[in-house]
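# Secondary and tertiary structure notes
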Amino acid sequence: YKMIEELHRKGDFNGTMKASDDFLKKYPASKRLADTLAIAGAAAMSADEKKKASDYFSRLIKDVPKADSVGTALLARASIAEERYQFAQAANDYRS
């Protein structure tokens, strides 16, 4: 997990997503699941990979609904939905 944080801090967003994917495959029930998904989602947003970001945020919201980062994930996912003119979905996330 620390390697993922370091890659993100250095601005290696593609490396962050790859390392996150590897981590999530190896440790699907990790205590760091929410943190890893949040960092991966942020990296995908920074790399302008909105679909992938939405997937990370959706998994975070679904799998770890009580995590501190869920609010940020909902806002990011709503923003992505707005860009796609999916206003009902965006409104639902804004209200959550």
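Below: a short report on this structure.

### Points about the overall build of the protein chain
Secondary structure assignment for the protein chain yields six helices and zero strands. Against the 2.2 N^0.38 benchmark of 12 Å for 96 residues, the protein chain shows a C-alpha radius of gyration of 13 Å, consistent with a compact globule. Per-residue burial over the protein chain gives 39% buried out of 96 residues. Sequence-distant contacts, at least 24 apart, represent 41% of the contacts inside the protein chain between residues at least 6 apart. Element-wise, carbon and sulfur atoms account for 53% of the exposed surface of the protein chain, whose accessible area totals about 5800 Å². Mean positive and mean negative side-chain charge positions of the protein chain (17 and 14 charges, respectively) differ by 5 Å.

### Points about the nonpolar core
Side chains of nonpolar character tend, in soluble globular proteins, to be buried together. With 19 residues, the main nonpolar core has Leu37, Tyr56, Leu60 and Val70 as its most contacted residues. Mapped by element, the contributors of at least two residues to this core are α2 (13-26), α3 (33-46), α4 (50-63) and α5 (70-83). Looking at this core, the element that brings in the most residues is α3, giving six residues. The contacts of Leu37, once residues within four sequence positions are left out, are Leu24, Tyr56, Arg59 and Leu60. Counting five residues, the second-largest nonpolar core is a separate cluster that includes Tyr1, Ile4, Ala19 and Phe23.

Reading guide: rules and limits
- Position numbers for residues count from 1 along each chain, tracking the sequence in the order it is written.
- This being a predicted model, a pLDDT of at least 70 is required before a residue's local features are given, and a value of 80 or more before pairs of side-chain atoms are given or counted; all residues contribute to the totals for chains, interfaces and linings.
- Side-chain calculation: all heavy atoms of the structure are included, whereas hydrogens and water are not.
- In this text, helices come from DSSP runs of H or I with a minimum length of four residues, and strands from runs of E with a minimum of two, each type numbered from the N-terminal end.
- Within these notes, the globule rule equals 2.2 Å times the number of residues to the 0.38 power, and the radius of gyration is based on C-alpha atoms.
- Buried, partly exposed and exposed residues are distinguished by accessible area as a fraction of the type maximum, computed with a 1.4 Å probe on protein chains only: under 20%, between the cut-offs, and over 50%, respectively.
- Only heavy atoms enter the contact rule, under which two residues are in contact if any of them lie within 4.5 Å.
- Method for areas: the Shrake-Rupley scheme with a 1.4 Å probe, in which residue coverage is limited to the protein chains shown.
- Here the positive residues are Lys and Arg and the negative ones are Asp and Glu; neither His nor the chain ends is included.
- Taken as the charge centre is NZ of Lys, CZ of Arg, CG of Asp or CD of Glu, depending on the residue.
- In plain words, nonpolar cores are sets of buried Ala, Val, Leu, Ile, Met, Phe, Trp, Tyr and Cys residues tied together by side-chain atoms within 4.5 Å.

Everything listed is a geometric property; what it means functionally is a separate question.
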